[in-house]
Amino acid sequence: MTLHELRQHIADRPLIGTTILSTAPSVVEIAAMSRFDVLCLDAEHSAISIEQIESLVRAADVHNKPTIVRVPEAGHYIGRVLDLGASGVVVPRLETADEVADVVQRARFAPSGKRGAGPGRGSQYGYSLASSEYTARANASNVVIVQIENAAAVAAIDEIASVPDLDAVVIGPFDLALSMGVAPGGPEHTNAIEKVIEAATDRGIATGAFCFSERDVDFYTRRGSRVLLIGGDLPWISSGVAAEWDMWDRVKSATSATVA
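Note that the structure is a prediction, hence the values are computed from the model and not measured.

Engineer: Help me out: how do you make sense of the nonpolar core in this one?
Structural biologist: Across soluble globular proteins, nonpolar side chains have a tendency to be buried as a group. Of all hydrophobic cores here, the largest spans 56 residues; its most connected members are Ile-53, Ile-148, Leu-166 and Tyr-220. Leaving out residues up to four positions away in the same chain, Leu-166 has contacts with Val-100, Val-104, Val-144, Val-146, Ile-160 and Ile-205. Residues Leu-15, Ile-68, Val-143 and Ala-206 belong to the second largest nonpolar core, which totals 15 residues.

Here is the structure:
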C-alpha cells in the first residue's frame with residue numbers, strides 16, 4: 001500500500017479534495033482520474049458502509065489517488081478505515097479537547113497513540129507490520145482532521161487547536177449555523193468561523209471547510225485555509241441533470257418554433 005504523506009502535503013501546500021457519497025466503485029475510479037488531490041469518502045451522510053469503504057479505497061488506488069474518510073462518529077471506525085487503506089480521517093461533531101485527543105490517539109500507532117495493529121490492506125495484510133518502519137511512516141503520513149460544527153466547539157477552539165498531533169480543523173458551515181441559531185453567512189456565523197481560523201492558525205493547525213460554491217472557496221482561501229473539500233459526486237449529478245434538461249428544453253423550443 002502507498003502511504004500518501006498527506007500530513008506533509010498540508011504543511012507544504014493546500015490540500016484540495018472533493019466528496020464522494022456514492023457507493024459505486026466506478027464513481028470513485030472516475031473521480032480518481034481528476035486533478036483533485038484527495039477524495040473524501042463520506043460515511044457520515046451516505047449509505048456507505050464499512051464493508052464498502054474497502055472497495056471504494058481500492059477503486060481510488062487504481063489511479064494512486066489518496067482517500068480520506070469522514071467517519072460517522074468518533075470511535076472504532078477510525079482505526080478500521082485506516083486499516084482498509086485510507087490516508088486519513090475526518091471526524092465530525094466533536095466539542096472538547098478531550099474528544100479530539102482521543103481521536104488523535106485512535107489514529108496513531110504507539111508511541112504516539114493507541115491505534116491497534118492489524119492485518120488489513122493498509123499494512124499489506126500484515127506483511128508491513130514485521131517492521132516498525134511501517135507504523136512510524138503511517139504516523140507521519142495519515143492525516144487527522146476534525147470538524148468544528150457547533151457552538152460548543154467554537155467556545156473550546158483554543159484547547160482543541162492545542163491538541164498534539166492534530167493536523168487540521170474544518171468548518172461544517174451549515175451545522176454550525178444551526179447550532180448557533182443564526183443564518184449561514186451572517187455576521188455572527190462569520191465571526192465564529194474567523195475565531196476558529198485564527199485560533200487554529202496561531203497554533204500551527206491547518207484550517208478548511210466543506211465548500212459548495214466559488215464564493216465559499218474564495219472566503220476560506222483569503223483567510224489562509226489549506227484544506228478545501230469542494231463539491232462532490234451528488235452535486236455533479238444534480239448540475240449535470242439540470243444542464244441536460246436545459247439543453248433539451250432549448251432543442252424542444254427550437255423544434256416547436258420550426259414546426260410552427
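Engineer: In this structure, what is going on with the packing of aromatic side chains? I would like to understand it.
Structural biologist: Ring pairs (aromatic) are described by centroid distance and by the angle formed between their planes. Going through the model one piece at a time under the given rule, you end up with 3 aromatic pairs. Taken together, a centroid distance of 5.5 Å and an interplanar angle of 40° make the contact between Phe-174 and Phe-212 tilted. Here the residue Phe-174 occupies a position in helix α9 (residues 173-180), and Phe-212 occupies one in the loop between β7 (206-211) and α11 (214-221), the gap between them amounting to 38 residues. Aromatic pair Phe-219 and Tyr-220: ring centres 4.9 Å apart, planes at 75°, arrangement edge-to-face.

Engineer: Hey, could you run me through the pattern of salt bridges in this one?
Structural biologist: Where charged atoms from two side chains of opposite charge come close, those side chains can pair. Summed over all chains, the structure comprises 15 salt bridges. Note that Asp-42 and Arg-70 form a salt bridge whose closest N and O atoms lie 2.6 Å from each other. Of this pair, Asp-42 sits in strand β2 (residues 38-42) while Arg-70 sits in strand β3 (residues 67-70), and the two are 28 residues apart along the sequence. The pair Asp-42 / Arg-70 is uniform in exposure class, with both members buried. Overlapping salt bridges, with partners in common, bring together Arg-7, Arg-108, Asp-165 and Asp-167 in one network.

Engineer: Even after reading the chapter, I still don't get the UniProt feature "domain: HpcH/HpaI aldolase/citrate lyase" (unreviewed entry) in the protein, so can you show me in this structure?
Structural biologist: Here, the residues flagged by UniProt with the feature "domain: HpcH/HpaI aldolase/citrate lyase" (unreviewed entry) are residues 21-233. As annotated, residues 21-233 comprises 42% helix and 16% strand, and the C-alpha atoms at either end are separated by 7 Å.

Engineer: Please clarify how the pairing of strand β8 (residues 227-232) should be interpreted in this entry.
Structural biologist: Two faces, one strand: in a regular strand the side chains alternate between the faces of the sheet. Relative to β8, strand β1 (residues 15-20) is paired through 4 bridges, and the arrangement is parallel. The residue bridging Gly-17 from the neighbouring strand is Leu-229, located in β8. Both β7 and β8 contribute to a ladder of 4 bridges, which runs parallel. Bridged to Gly-208 within β8 is Val-227. Between β7 and its parallel partner β8, the chain crosses via α11, and the hand of that crossover is right-handed.

Conventions adopted
Residues numbered from 1 in each chain as written. Predicted model: local features only at pLDDT ≥ 70, side-chain atom pairs only at ≥ 80, totals over all residues. Heavy atoms only, no water. Core = buried A, V, L, I, M, F, W, Y, C linked by side-chain atoms within 4.5 Å. Buried < 20%, exposed > 50% of the residue type's maximum accessible area, 1.4 Å probe, protein only. Contact = heavy atoms within 4.5 Å. Phe/Tyr/Trp six-rings, centres within 6.5 Å; stacked < 30°, edge-to-face > 60°. Helix = DSSP H or I, 4+ residues; strand = E, 2+ residues; numbered from the N terminus. Salt bridge = Lys/Arg side-chain N within 4 Å of Asp/Glu carboxyl O. UniProt positions renumbered as here; feature names shortened; annotations may be inferred. Pairing = 2+ DSSP bridges. Right-handed = clockwise from strand over helix to strand, strands pointing away.

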